[in-house]
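# What the coordinates show
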Amino acid sequence: QKEVEQNSGPLSVPEGAIASLNCTYSDRVSQSFFWYRQYSGKSPELIMSIYSNGDKEDGRFTAQLNKASQYVSLLIRDSQPSDSATYLCAASNSGYALNFGKGTSLLVTP
Amino acid sequence: DAGVTQSPTHLIKTRGQQVTLRCSPKSGHDTVSWYQQALGQGPQFIFQYYEEEERQRGNFPDRFSGHQFPNYSSELNVNALLLGDSALYLCASKGRNVWTEAFFGQGTRLTVV
């Protein structure tokens, strides 16, 4: 069973702090990885994609990938209350199906 | 530039009935995938359509079927609805390169009573 594991949270951080979200995956041949943000009652919105080991930065967001450890993370700098949402980690080994974790709930407190 | 659009947004059906959900992909995209998201869970892959053919299928029964039209839009059909089919159904589209990013529509909330 190919699994993507995330801590369900909630992860609570104060406004302005760095939020660190983590994800592990079991399928060693996974090649593409994605972070989606999902507000309550809404659909997932793509935040970041990462395909190679290392860091990828986009604005306040940094995705980190370590294929040897089968680990993906998302850092959110200067967290804002509007960042409060569920963050879904997804992996794909084929480019076809996305295999999602259950998501981590993030709460940014003013 | 229109994103992925789904219809209807909400639907209530009775157990045993059949339902059809519709999806129009983002402009320039030709690949459509369907996902089911139960409350508190991550989306689960149902199937993907490309060039009007089902390219890959997840672990869902044959009650779930789909179709893709020449204009790349897609339908998801679910027969003999069960209470457990109540969920948010998500359509995602992407471009021809299989490794590109997938973008989701707003979803259809299906309630089976």
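Heads up: these notes are all about the structure in this document. Not measured: the values here are computed from a predicted model.

Here the focus is the overall build of chain B. Broken down by element type, chain B carries zero helices and 11 strands. Counting helices and strands in the order they occur from the N terminus, chain B gives β-β-β-β-β-β-β-β-β-β-β. By principal-axis analysis of the C-alpha atoms, chain B measures approximately 40 × 25 × 25 Å. Going through the 113 residues of chain B one by one, you find that 48% of them count as buried. In chain B, once contacts between residues fewer than 6 apart in sequence are set aside, the share between residues at least 24 apart is 53%. By element, 49% of the accessible surface of chain B is carried by carbon and sulfur atoms, the whole surface being about 5,400 Å².

Here we come to the side chain of Thr31(B). Residue and element names in this part refer to chain B. Examined against the element boundaries, Thr31 turns out to sit in strand β4 (residues 31–37). Reaching out from Thr31, the side chain makes a polar contact with the side chain of Asp30 at a distance of 3.0 Å. Those residues in contact with Thr31 that sit more than four places away from it in its chain are Gln48, Tyr49, Tyr50, Arg55, Ala92, Ser93, Lys94 and Gly95.

What follows is about the environment of Val108(A). Residues and elements named next belong to chain A. By the element assignment, Val108 lies in strand β11 (residues 104–109). For the pair Val108 and Glu15, spaced 93 residues apart in sequence, the C-alpha to C-alpha distance is 5.7 Å. Apart from residues no more than four positions distant in its own chain, Val108 is found in contact with Val13, Pro14, Glu15, Ser79, Gln80, Pro81, Asp83 and Ser84.

Space inside the second largest pocket adds up to approximately 340 Å³. Gln38(A), Thr86(A), Gln37(B), Gly40(B) and Gln41(B) are the residues nearest the centre of the second largest pocket, which is lined by 17 residues in total. Split by residue class, the lining of the second largest pocket holds five nonpolar, nine polar and three charged.

Counting residues at the interface gives 22 residues for chain A, matched by 22 residues for chain B. Summing both partners gives a buried area of about 1,800 Å² for chain A against chain B, and 57% of it is carried by carbon and sulfur. Together, Tyr96(A), Phe100(A) and Lys102(A) form the three largest contributors to the area buried by chain A at its contact with chain B, with a combined 30%. Between the two partners, chain A and chain B, sit zero salt bridges. Looking at the side of chain A that touches chain B, the elements with two or more residues in it are β4 (32–38), β5 (45–50) and β9 (85–92) of chain A. When grouped by side-chain class, the residues that make up the side of chain A that touches chain B number 10 nonpolar, 10 polar and two charged.

Another point: the sheet that holds strand β7 (residues 64–68) of chain B. Residues and elements named next belong to chain B. As summarised here, the arrangement of the four strands in space is β1-β3-β8-β7, forming an open sheet in which the pairing is antiparallel. Unpaired on one side and paired on the other, β1 (5–7) and β7 mark the two borders of the sheet. Direction aside, neighbouring strands of the sheet carry axes that sit 20 degrees apart on average. One ladder, built from five bridges, connects β7 with strand β8 (residues 74–78); its direction is antiparallel. The residue of β8 that forms the bridge with Gln68 is Ser74.

What follows is about the state of the cysteines. Residues and elements named next belong to chain A. In this structure the tally under the stated criterion is two disulfides over all chains. The disulfide that involves Cys23 links it to Cys89, with 2.1 Å between the sulfurs. In this structure the cystine formed by Cys23 and Cys89 twists about its S-S bond by roughly -70 degrees; its chirality is therefore left-handed. Taken together, the residues span a long stretch of sequence, with Cys23 in strand β3 (residues 19–25) and Cys89 in strand β9 at a distance of 66 residues.

With respect to the secondary-structure elements, Leu39(B) resides in the loop between β4 and β5 (44–50). Separated by 33 residues in the primary sequence, Leu39(B) and Tyr72(B) have C-alpha atoms spaced 29 Å apart.

What follows concerns the packing of aromatic side chains. This model, assessed by the stated rule, comprises 10 aromatic pairs over all chains. Measuring from ring centre to ring centre gives 6.0 Å for Phe34(A) and Tyr51(A), while their planes differ by 90 degrees; the resulting arrangement is edge-to-face. Here Phe34(A) is found in strand β4, whereas its partner Tyr51(A) is found in the loop between β5 and β6 (54–58), with 17 residues between them in sequence. Within the aromatic cluster, the residues linked to one another by ring pairs are Tyr36(A), Phe100(A), Tyr35(B), Phe45(B) and Phe104(B). Just above the ring of Phe103(B) sits the side chain of Lys26(B); from NZ or CZ to the centre is 5.6 Å. For Arg55(B), the ring lying beneath its charged end belongs to Tyr50(B), and the centroid distance is 4.4 Å.

Conventions and cut-offs
- Residues numbered from 1 in each chain as written.
- Chains lettered and ligands numbered in written order.
- Predicted model: local features only at pLDDT ≥ 70, side-chain atom pairs only at ≥ 80, totals over all residues.
- Heavy atoms only, no water.
- Helix = DSSP H or I, 4+ residues; strand = E, 2+ residues; numbered from the N terminus.
- Buried < 20%, exposed > 50% of the residue type's maximum accessible area, 1.4 Å probe, protein only.
- Contact = heavy atoms within 4.5 Å.
- Areas by Shrake-Rupley, 256 points an atom, 1.4 Å probe, with all protein chains shown as cover.
- Polar contact = N/O pair within 3.5 Å; in protein donor to acceptor, adjacent residues only side chain to side chain.
- 1 Å grid on protein atoms, 1.4 Å probe; cavity = no way out; pocket = protein on both sides within 12 Å on 5 of 7 lines; lining within 4 Å.
- Points joined across faces, edges and corners; volume = space filled by probe spheres on them.
- Nonpolar A, V, L, I, M, F, W, Y, C, P; charged D, E, K, R; others polar.
- Buried area = accessible area lost by both parts, 1.4 Å probe.
- Salt bridge = Lys/Arg side-chain N within 4 Å of Asp/Glu carboxyl O.
- Pairing = 2+ DSSP bridges.
- Axes fitted to C-alpha atoms, helices over the stretch in contact; angles between N-to-C directions.
- Disulfide = S-S within 2.5 Å.
- Phe/Tyr/Trp six-rings, centres within 6.5 Å; stacked < 30°, edge-to-face > 60°.
- Lys NZ or Arg CZ within 6 Å of the ring centre and 35° of its normal.

No statement about biological role is implied by the geometric values presented.
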